[in-house]
Structure formats: C-alpha cells, structure tokens
Amino acid sequence: MLSPELGHYALALACVLAAVQGILPLIGAHRRDPRLMALAPGLAIGQLIGLVTAFACLINAAVTDDFSVQNIAANSAVTKPLLYKITGVWGNHEGSILLWALILGLCGAAVAAFGRNLPSALRARVIAILGLVATGFELFCLTTSDPFARVWPAPMDGQGMNPLLQDPGLAFHPPILYTGYVGFAVPFAFAIAALIEGRVDAAWGRWVRPWAVAAWCFLTCGIAMGSWWSYYVLGWGGYWFWDPVENASLIPWLTGTALIHSAIVVEKREALKIWTVLLAIGTFSFSLSGTFLVRSGILNSVHAFANDPARGIFILGLLGLVIGGSLALFAYRAPSLTAGGLFAPLSREGALVLNNILLCSLCAVVLTGTMYPPFMSLLFDRTISVGKPFFDATTIPLALPLFIFMGFGPMLPWKRAQLWPVLNRLWLAAGLTVVAACVAMRQLAGVLPVLCAAAAIWIIVSCATDIATRIQLFRTPLRSSLQRLRGLPRSIIGTAIAHTGVAITVLGLAGMSQAQHRIVEVPVGSTQNLAGYEWTLTDVHSEPGPNYTAMVATIEIRRNGHVVTVLRPSKRSFNTQNQTTTDVAIHTNMLSDLYGVLGDSHGTEGHMTYVLRLHYNPLAPWMWLGALIMAFGGALSLSDRRVRVGAPRRAAAPHASSTQGIAS
C-alpha cells in the first residue's frame, strides 16, 4: 500500500543510494576499477525507483484526502477538484523539492540509459556527480522539508490550495520549468567530470550539447507558461513584470542559451573550452540560486514560497558546496585545459563569441537589477525598487545588437570569413528590413518598438535567406532544391526555426508596447469605447463553482455595429481559504487580444456599479507563440541523430600515464 511511511522510507533509501552513487563510481574512475564504475547505472536507476515510489505515495495521500499528512492538510481540501489534488502535490515547498529531486533522479537514470557510448570513466564520473547533487536535495527533503510529516490530531478537512494556483496552466508549469532547471545539472556534471579528468575535446562538446538543448527547450516552455499564467490569471493585463522570481528563471535561460552556442564551437573547432565549462557551471549554479532566492525570504514575489530560516540556511550551505566547490575546482583545473583552434574575429566562431558576450551581459544586467534591492536592504537598511524602466533602458540596447548579429552568424564560415560575400547574400534581407522599419514607423509609436520590429524582420528574412542559399533556391530546378532541403541536417533547420521564434516573440513585444487599456467603474448597461471597439456591460450574476462562488460579468464587444465577441470575466470567492481571485476573459484572433477583468462592486442593490479593466493588446499571442517555436526548433535540432548520438570517438591520449595522473 502506498502509505506515507512507505514514501518516507523510499525517500530515505533513495538518499542512501544517491550517496553511494556519488562515492563508489568516483573511486572506481580514480582507480580505473571497472567493477566500481559499472555500479553507477544500476545505482542511478535504483535511486529513481525510490523517488518514484516516494512521489507516488505523496500523490496517493493527496488523492485519498489523508489529512494526517501535514503537507496535505495545509495544501488540499475535500472539495478540491481531483486535478488540483494531484498537481497541488508540487504546488508547495515540500512537494516542489521532492519533484526537483525526482527530476534530478530522472536525469541520472537518463545518462545511465542513453550514455552507453560514453567512455566508462567519464560516464561513471557524470553519474556520480549527479548522485552527489541529488544527495543534497534528498537530505533537504528528509531534514527541513519532509513532505510526509504527520500531524495529530488529523483535521477533518484541509486548508486548501492557494486559489491562484488552481489553474491548469500553473498546474503543469512547475514540472516543465523544473525539468529545465534540473536538466542543466547534466552539462554541469559533464563540466565537473571534464575538470577532474583534465580533458575537454570535440567529443565532450558533442556529448554536452544535446543535454543542454533539451534542458533549454523545457526551460523555454516553462518560462512561457509562467508568463502566460501571469497574463491571464493575475488580471494585470501584462505578460512580464520583471518580478524577482521571473528574473530568477530568465538568468539561467540566458546563460543556457550561451552554453548551447559555445558548445557548438567546442564541437566544431575545439575552441572556447574553458568558457564552455564555466558556462555549464554557471547555468546550473544560477538554477540553484533561484531555488534559494524563492525559498529564503530574500525576494518578495507573488511566486515565492513561504520561507523558513532553517530551509534558507540549508539551501545556502548546499549552494556553497556545489557552487563554491565547482568554482574552486575550475580555478584549479582550468589552466591545464589545452587551448583550441585559432580563428579570425570575422568568422562563425567570432560571431558566437560576440553572441556569448551579449547574452552574458544581459544576464549581468538582470542579475544586478534583481539583487540590488535586497542587498541594499540587507547592508544599508534602505528599501528601493528596481522595475521596468531600469530593465527596459539596460536590456534593449544590448538585445538589439544581439538580434542584428543573429542574422549574420549562421551565414559565416568557420575559422575565417570574408565580409563582402556574406553582405552580398543578405542584401534582400537588408532591403526588406528597411521597408519593415518604414512600415513600423507608421504603425508604432516610439523609437525602440520600431527598432525591435525591424530587427525581428531582419532575423526572419536572414534565416530564410540562409536556408534558401543552402538549398540553392532559384539557382537550380525546384525539384533539386526540395531534395537538398530534405537532405539538410535537421539541426540547421532547427536553428533557423528557433531564431525565427525569437523574432516572433520580439514582434509580440513590439506590438504589446502599443497596448491600450482603461479602468472604469460603470453600472450594468453602460458602454465604453476603447481601440475602436464598443464594450458594453450587459449583465452581472452569481454562479456556484466546485469549491468557490463566482460573480460573473457579461461584456458584449461590438465594432461598427457588429458583435465581435462576448467576454465573461469573473471574481471567485474561495470560502475555505477566505480569498478572492479574478478569472480573466480573453478573446483572441492571434493578431490581438480583447481582454476583460471584473473588479470590485460598489453601491446598494439596484444601484450597483462595477470596476472593469479593459485591454486591447495587439500581437500579444505572438510572444508565447514565438516561445513555442523556439522550443520546437530546439527539439527539431535534438531529433537530428548526428547531434543526439553521433559523438565522435575519443582519440586515445598521447601519454596514458600522464593522462591518468591528471585524472587522479
């Protein structure tokens, strides 16, 4: 039976297996003992079985309303819908940490299952490092964040889940986001293993890149889902508020993007080795830091979990061990890594280096703006806020040159390039960009939106030009071009699609800069004009829900006398938690959103007025559509077998004895 005690035992067993997984294979790799190294895959799979059992026990407790488990009593209720009883398991601190450990166990088992072509010593070290990291999180679960802790006497009903979290989008947002966060543990483990071994080569870059791309795809989808949730649940009419917790997910996404591009240079040219190793360490370190910031109480956010000083201290200690230890090892071993191939500044390698510089500069700006207020509060007891004006003024000037070089980079040859042939191929893209800028100047208000829209068109046309050049479109018969297209590596097509996704998101951001909104207080029957539409409040009535009572408004929207749509926003009152939430109504035609929110009511019966928030958001859907296209492009690249499993065989080290000495 899936009892809480079984779950606690399975979690403890998984922790023991993770510790053994982190020690014995490392010893085996050090001694070149094949028996100890061969233990790594089995231990990783055994740890995963323990974590799956523990997680299943926690879900069973939630579904069966076992309120003797403190976690269930605090975050569930009898009237809670079944979907949210299940997804609510990870909608709290204890459950989310167990989910984090479970995904980390999945990563270790995935390396064990799909890393059979790795050298045995490298495979053992990677799995062992993942085991050591997993040990820390599982100890965190068992000591300060036990999801199976009992409460006595058991209440008849639970306190229920935070109503803001009772939403399908946010229900599946944490597993996807955490898979992105934790997925970067695999490149981190490869980086630490390479430092221990003292060797980074083209094969290492080929092995690291698929794991980094997979984690990046999940993180991209997770961030997009979180942004979409804040757009249609919070009712503020926006999509990204530079909230500290939002920034905590953006920072590793930026460094992860740089890591993917840097790993390409290692794979193709055996250059940027030290930089790639540092990016792998930094990306996972930022993922861990985000976990600490959310749970320590340092950052205040609508997304933050309730904090506990003991939890914050434990995570801070874990951060010190993982980040401090890895950086110390990097400082000690990095000088021994051999330099890679030389390249001219004007080359694809040079473009990728510039790409990394701009991405890391963006990361530094976001990190500074996020951490400056809490540090000022801690050191000088001064309360300040850093918001949208700062981030817009500092990130856009860095993002625009990044977008420009995204058009050049894929068309430059490796090692050395000539500028004129590249410009000759991009004259059409440049011309269309100028036309797009002229059109944008007539449609958009403000210089920055016009520049962003022009940069987005530049990226799209440049990507299309690159593919057209590769398949010799219009230079050979169409049938020949189509055959070349079918033979084109999916990694190249995936890169073009991912870059196009970035451009579509940028167009969405440019469109949203022209959004219009009004906040009005009106009686039933009143009509308001916004963005050429007539918004009429026709009715407000009460409706019962599964565990709430809703006040639902009916807003009829007309244009030129014709009904466009009817919005039904609502306010939901949850009696168990004594909280009220808004349920936004959105009508979209993929070119714009009509967005309505019902606020408070005032007056007496028969003379009631209602607060309405009305928004017209042009190109809003493109922001999330672009993110999905980015992730699809990454997944398409990952599906290319040459990227996924086509790692070149490592050449034997020239001096076996010296290599073994370095590995020791």
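Residues numbered from 1 in each chain as written. Predicted model: local features only at pLDDT ≥ 70, side-chain atom pairs only at ≥ 80, totals over all residues. Heavy atoms only, no water.

A.B. asks: Just to check I follow, could you spell out the overall build of the chain for this structure?
C.D. replies: Per the secondary structure count, the chain includes 22 helices and 10 strands. The C-alpha atoms of the chain give a radius of gyration of 27 Å, which matches the 26 Å a tight globule of 664 residues would have. C-alpha extents for the chain along the principal axes are approximately 90 × 75 × 55 Å. Relative to its 664 residues, the chain shows a buried fraction of 54%. For the chain, restricting intrachain contacts to residue pairs at least 6 apart in sequence, the fraction spanning at least 24 positions comes to 73%. When the accessible surface of the chain is split by element, carbon and sulfur atoms take 65% of a total near 28,700 Å². Taken as two groups, the 43 positive and 30 negative side-chain charges of the chain have centres that lie 19 Å from each other. (Helix = DSSP H or I, 4+ residues; strand = E, 2+ residues; numbered from the N terminus. Rg over C-alpha atoms; globule rule 2.2 N^0.38 Å. Buried < 20%, exposed > 50% of the residue type's maximum accessible area, 1.4 Å probe, protein only. Contact = heavy atoms within 4.5 Å. Areas by Shrake-Rupley, 256 points an atom, 1.4 Å probe, with all protein chains shown as cover. Lys, Arg positive; Asp, Glu negative; His and termini not counted. Charge placed at Lys NZ, Arg CZ, Asp CG, Glu CD.)

A.B. asks: Mind showing me how you'd approach the pairing of strand β6 (residues 570–574) here?
C.D. replies: Along any regular strand, the residues point their side chains to alternate faces of the sheet. Relative to β6, strand β4 (residues 549–559) runs antiparallel, the two being bridged by four bridges. Looking across to β6, one finds that M551 is bridged to K571. (Pairing = 2+ DSSP bridges.)

A.B. asks: Would you mind showing me how to read the nonpolar core here?
C.D. replies: Nonpolar side chains tend toward joint burial in soluble globular proteins. Within the largest apolar cluster, 142 residues are counted, with the highest numbers of intra-cluster contacts made by F190, W204, V277 and F403. The element contributing the most residues to this core is helix α5 (residues 93–114), with 12 residues. Among the nonpolar cores identified, the runner-up in size contains 19 residues, and V233, M512, A620 and A627 belong to it. (Core = buried A, V, L, I, M, F, W, Y, C linked by side-chain atoms within 4.5 Å.)

A.B. asks: I keep staring at a nonpolar patch on the surface and nothing clicks. Help me out?
C.D. replies: On the surface, L2, L6, Y9 and L13 cluster together into a nonpolar patch covering about 350 Å² of accessible area. Tracing the chain through its elements places L13 in helix α1 (residues 4–31). (Patch = residues over 30% accessible without salt bridge, like charges linked within 9 Å, V, L, I, M, F, W, Y side chains within 5 Å. Salt bridge = Lys/Arg side-chain N within 4 Å of Asp/Glu carboxyl O.)

A.B. asks: How should I be thinking about the pattern of salt bridges in this particular structure?
C.D. replies: Oppositely charged side chains may form a pair once their charged atoms are brought near each other. The final tally for this structure, using the stated rule, is 15 salt bridges. The closest approach of N and O atoms between R35 and D33, which form a salt bridge, is 3.5 Å. Taking relative accessible area as the criterion, R35 reaches 66% and is therefore assigned exposed. A salt bridge links R125 to E197; the nearest nitrogen and oxygen atoms lie 3.7 Å apart. Of this pair, R125 sits in helix α6 (residues 120–143) while E197 sits in helix α8 (residues 185–197), placing them 72 residues apart in sequence. Neither R125 nor E197 differs from the other in exposure class; each is buried. Residues joined in a network through salt bridges with shared partners are E5, D66 and R150.

A.B. asks: Even after reading the chapter, I still don't get the confidence of the model for the chain, so can you show me in this structure?
C.D. replies: Fine structural detail should not be taken from predicted coordinates in areas where pLDDT scores are low. Confidence in the prediction for the chain averages 87 pLDDT; 93% of positions are at 70 or higher. Ranking the elements of the chain by mean pLDDT puts helix α22 (residues 656–663) last, at 35, and α1 first, at 96. In this model, residues 653–664 is a region of pLDDT below 50 whose contacts with residues beyond four sequence positions or in other chains number 15 contacts. (pLDDT = per-residue confidence, 0-100.)

A.B. asks: Would you take a moment to explain the sheet that holds strand β8 (residues 585–588) for this structure?
C.D. replies: Two pairing modes exist for strands in a sheet, parallel and antiparallel, and in both the strands are linked by backbone hydrogen bonds. Spatially, β1-β10-β9-β8 is the arrangement adopted by the four strands of the open sheet, whose pairing is antiparallel. In this open sheet, the two strands that pair with only one neighbour each are β1 (516–522) and β8. Sheet twist, expressed as the mean angle between neighbouring strand axes with direction ignored, is 15°. Note that β8 and strand β9 (residues 592–602) share four bridges and pair antiparallel. From the neighbouring strand, T588 faces β9, where its bridge partner is D593. (Axes fitted to C-alpha atoms, helices over the stretch in contact; angles between N-to-C directions.)

A.B. asks: Sorry, what's going on with the side chain of Q514 here?
C.D. replies: In this fold, Q514 is placed in the loop between α19 (490–512) and β1. Among the polar contacts listed, one links the side chain of Q514 to the backbone nitrogen of A445, at a separation of 2.9 Å. Looking at Q514, its side chain comes within polar contact range of the side chain of S513, at 2.8 Å. Not counting the four nearest positions on each side in its chain, Q514 is found in contact with Q443, L444, A445, P449 and P618. (Polar contact = N/O pair within 3.5 Å; in protein donor to acceptor, adjacent residues only side chain to side chain.)

A.B. asks: It is not clear to me how the packing of helix α14 (residues 388–408) against helix α17 (residues 447–470) should be interpreted in this structure. Could you clarify?
C.D. replies: For any two helices packed against each other, one specifies the crossing angle of their axes together with the interaxial distance. At a minimum axis distance of 8 Å, the contact between α14 and α17 shows a crossing angle of 20°. Considered as vectors, α14 and α17 are oriented roughly parallel to each other. The handedness of the crossing between α14 and α17 is left-handed. Here I396, L400, F403, I404, M406, G407 and F408 of α14 lie close against α17, whose contacting residues are L448, L451, C452, A455, W458, I459 and S462. Grouping the amino acids of the contact of α14 with α17 by side-chain chemistry returns 12 nonpolar, two polar and no charged. (Parallel < 35°, antiparallel > 145°, perpendicular 65-115°, else oblique. Left-handed = near helix turned anticlockwise from the far one by under 90°. Nonpolar A, V, L, I, M, F, W, Y, C, P; charged D, E, K, R; others polar.)

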